[in-house]
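# Chains, contacts and geometry: an overview
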Amino acid sequence: MGGRGVIPALTLSAFRISLAVVLGLGWLAVLLWQRRAAATAPGGGDTASGDTLVLFASQSGLAERLAWDQARRLGTTPHPLDSVTPQILRRASTAWFLLASAGDGEAPDNARAFARRLGALRQCDLTGLRYGLLALGDRRYPAFCGFGRQVDAALVACGAHPLFPRVEVDRGAPADLAQWHARVGADTPGQWRLTERRLLTPRQAGDPAYHLRLRPDVPVEWTPGAIADVALLAPDGTPQQRSYSVASLPQSGEVELILRRRHGPDGPPGLGSAWLTAGLAQGGRVQLSLRDSPHMDALAIADRDDQPLLMIATGTGLAAVLGPLRARLAGSGTAPLWLVHGERHAAFAPLRDLARTGPDRLRIDCVLSRGPRPQRLPDWIRDHAEALSAFVAPGAPGRQPTLFVCGSRDPGRAILAALGTSLNASDLHQMQQSGRFLTDFY
Ligand SMILES: Cc1cc2nc3c(=O)[nH]c(=O)nc-3n(C[C@H](O)[C@H](O)[C@H](O)COP(=O)(O)O)c2cc1C
């Protein structure tokens, strides 16, 4: 019986000692961390101690770029997470965290010291801090957004107040980023305005096609043939994304898209095309991000080596070839370029402009499937088999033409079949083997 009173007393004092040791070590760690971070803080002191902080943890640069965007909006400078101390966090009223995950849900290199001290951070009082947190990751990793989640939990444990639930981004998805941008204010990078929408198919039956021009709020770079991912909201409020080829070059300062308002069989028009071709007002805002075309390298090599390029496009697939073609025309090359476009009733205006202004080395053919002398593109290909075969044949040593076919899937199949019977099989095989036979169907 007596033992029962002694053991808890011993356990309690041992517990108190261990608690004191743990707390002491915790505070020591905090102090050491503060000293080291103050020495390495941008500007040599605790210059990251402003009222509003923008902090990033980034391995390959996306979180850092987004941090710069956020800092620009707030008129401040972003800092790597490693440069802040708990003291700096305590003095700030608002902090914006943009945190990528690396390793196995771990901190990127520029946040490792911060990550090591997360336990110590939990002992700080951050009840005066409000924060927004963007976690960047990749759902293919088991610890999706692991680091962002850890920091979020530590901040909550310190009593900091999230301004909104953590926003998580899967592989830079525009729809996820749109949520962040919606949280941090409307005037964000990634915001574009519709400056012009022109009907490309006046007085024609069937689904209308449009030529759109969009201008970014802040200048943006892209590569020829880039893909624009447009963020949309479905009627039930779920974020959606639609992708379109960019027909213009960055020098123009505007993204040009060509799209058709599509209807399902007896159904309503597609979400993206209905909004962009009708719902969106002139001057209206679009959340848009740009990525490279999967064919960018092959097309850039053909451009660099000044090799012949044969492009065959149907309908709005014209947009996918216009970017690479305009890049070729802007250069000093002399190799022949040939664009064949299949449409319904009449040539699209951008194609007519190109035919009027293009150099002699550019041949353009527009094949119309309806109208006075209708012809299907596959038939046209068979009729021109000889000229097309000669164009894609190696001919002289070092001649390595590229063939790029794009447009809707169904006409695409018929075009590939026609090319298969019209072109020399070994030339086609050679182009395929060396990555010079490119297709882009949707
Ligand atoms: C080597 C490596 C490891 C990664 N580990 C994870 C991970 O464990 N969890 C996760 O969600 N994302 C992980 N990612 C994905 C990145 O967090 C994601 O690509 C993020 O957008 C990168 O942002 P950053 O460019 O700012 O570094 C990893 C990426 C790389 C390259």
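Parameters at a glance
Residues numbered from 1 in each chain as written. Predicted model: local features only at pLDDT ≥ 70, side-chain atom pairs only at ≥ 80, totals over all residues. Heavy atoms only, no water. Helix = DSSP H or I, 4+ residues; strand = E, 2+ residues; numbered from the N terminus. Contact = heavy atoms within 4.5 Å. Areas by Shrake-Rupley, 256 points an atom, 1.4 Å probe, with all protein chains shown as cover. Pairing = 2+ DSSP bridges. Axes fitted to C-alpha atoms, helices over the stretch in contact; angles between N-to-C directions. Near = heavy atom within 4 Å. Polar contact = N/O pair within 3.5 Å; in protein donor to acceptor, adjacent residues only side chain to side chain. Nonpolar A, V, L, I, M, F, W, Y, C, P; charged D, E, K, R; others polar. Expected span 1.5 Å × (residues − 1). Buried < 20%, exposed > 50% of the residue type's maximum accessible area, 1.4 Å probe, protein only. Phe/Tyr/Trp six-rings, centres within 6.5 Å; stacked < 30°, edge-to-face > 60°. Lys NZ or Arg CZ within 6 Å of the ring centre and 35° of its normal. Parallel < 35°, antiparallel > 145°, perpendicular 65-115°, else oblique. Left-handed = near helix turned anticlockwise from the far one by under 90°.

As recorded in an unreviewed UniProt entry, the chain goes by NADPH--hemoprotein reductase and comes from Pseudooceanicola sediminis.

### Some thoughts on the overall build of the chain
Within the chain, the secondary structure is distributed over 15 helices and 17 strands. Taking the intrachain contacts of the chain between residues at least 6 apart in sequence as the baseline, contacts between residues at least 24 apart amount to 75%. Summing over all exposed atoms, the chain offers an accessible surface of approximately 21,000 Å²; the carbon and sulfur share of this is 55%.

### A short note on the pairing of strand β7 (residues 191-199)
Taken together, the three bridges between β7 and strand β12 (residues 285-291) define a ladder with antiparallel strand orientation. Across the sheet, the residue bridging to Arg193 is Arg285, located in β12.

### Some remarks on the sheet that holds strand β8 (residues 209-216)
With respect to topology, six strands assemble into an open sheet ordered β10-β9-β12-β7-β8-β11, the strand pairing being antiparallel. Strands at the two margins of the open sheet, each flanked by one partner only, are β10 (239-245) and β11 (255-260). Taking the axes of each pair of neighbouring strands and ignoring which way they run, one obtains an average angle of 40° across the sheet. Here β7 runs beside β8; their pairing, made up of seven bridges, is antiparallel. Looking across to β8, one finds that Leu194 is bridged to Leu214.

### Examining the site of the ligand
The local shell around the ligand holds 19 residues, among which Ser58, Ser60, Ser101, Gly105 and Cys145 are the closest. Gln59 places a polar main-chain atom, nitrogen or oxygen, 2.7 Å from an oxygen atom of the ligand. Contact between the ligand and Leu62: an oxygen atom at 2.7 Å from a main-chain N or O atom of the residue. Looking at the shell around the ligand, the elements that each hand over two or more residues are α2 (62-74) and β4 (130-137). Of the residues that constitute the shell around the ligand, the class distribution is nine nonpolar, eight polar and two charged.

### Section: helix α10 (residues 318-330)
In a regular helix each residue adds 1.5 Å, so 13 residues correspond to 18 Å; α10 covers 18 Å between its end C-alpha atoms and thus fits that length. Buried residues dominate α10, accounting for ten of its 13 residues. Every buried residue of α10 is listed here: Leu318, Ala319, Ala320, Val321, Leu322, Gly323, Pro324, Leu325, Ala327 and Arg328.

### As for the sheet that holds strand β14 (residues 337-343)
With respect to topology, five strands assemble into an open sheet ordered β15-β14-β13-β16-β17, the strand pairing being parallel. In this open sheet, the two strands that pair with only one neighbour each are β15 (362-368) and β17 (437-441). Within the sheet, the average angular offset between the axes of one strand and its neighbour, ignoring direction, is 10°. Alignment of strand β13 (residues 309-314) against strand β16 (residues 402-407), held across five bridges, turns out to be parallel. Bridging across to β16, Met311 finds its partner in Phe404. Its contacts with the sheet put helix α11 (residues 349-357) on β14 and β15, and the angle it makes with β15 is roughly 145°.

### A closer look at the environment of Met311
Along the chain, Met311 turns up in strand β13. Met311 sits in the buried class, given a relative accessible area of 0%. Sequence spacing of Met311 and His341 is 30 residues, and the spatial spacing of their C-alpha atoms is 8.2 Å. Ignoring any residue separated from it by four or fewer positions in sequence, one finds Met311 in contact with Val321, Leu325, Trp338, Leu339, Val340 and Phe404.

### Looking at the packing of aromatic side chains
For the coordinates displayed, the defined rule picks out seven aromatic pairs. Counting every residue linked through ring pairs, the aromatic cluster contains Trp96, Phe164 and Trp180. The ring of Phe391 is capped by Arg399, whose NZ or CZ atom sits 5.9 Å from the centre of that ring.

### Focus on the packing of α2 against helix α7 (residues 174-184)
In contact at an axis separation of 12 Å, α2 and α7 are set at 20° when each is read in the N-to-C sense. Judged on the interaxial angle alone, α7 and α2 are roughly parallel. Crossing hand, α2 versus α7: right-handed. Between α2 and α7, the residues in contact are Leu66, Gln70 and Arg73 and Leu177, Trp180, His181 and Val184, respectively. The class makeup of the residues in the contact of α2 with α7 is four nonpolar, two polar and one charged.

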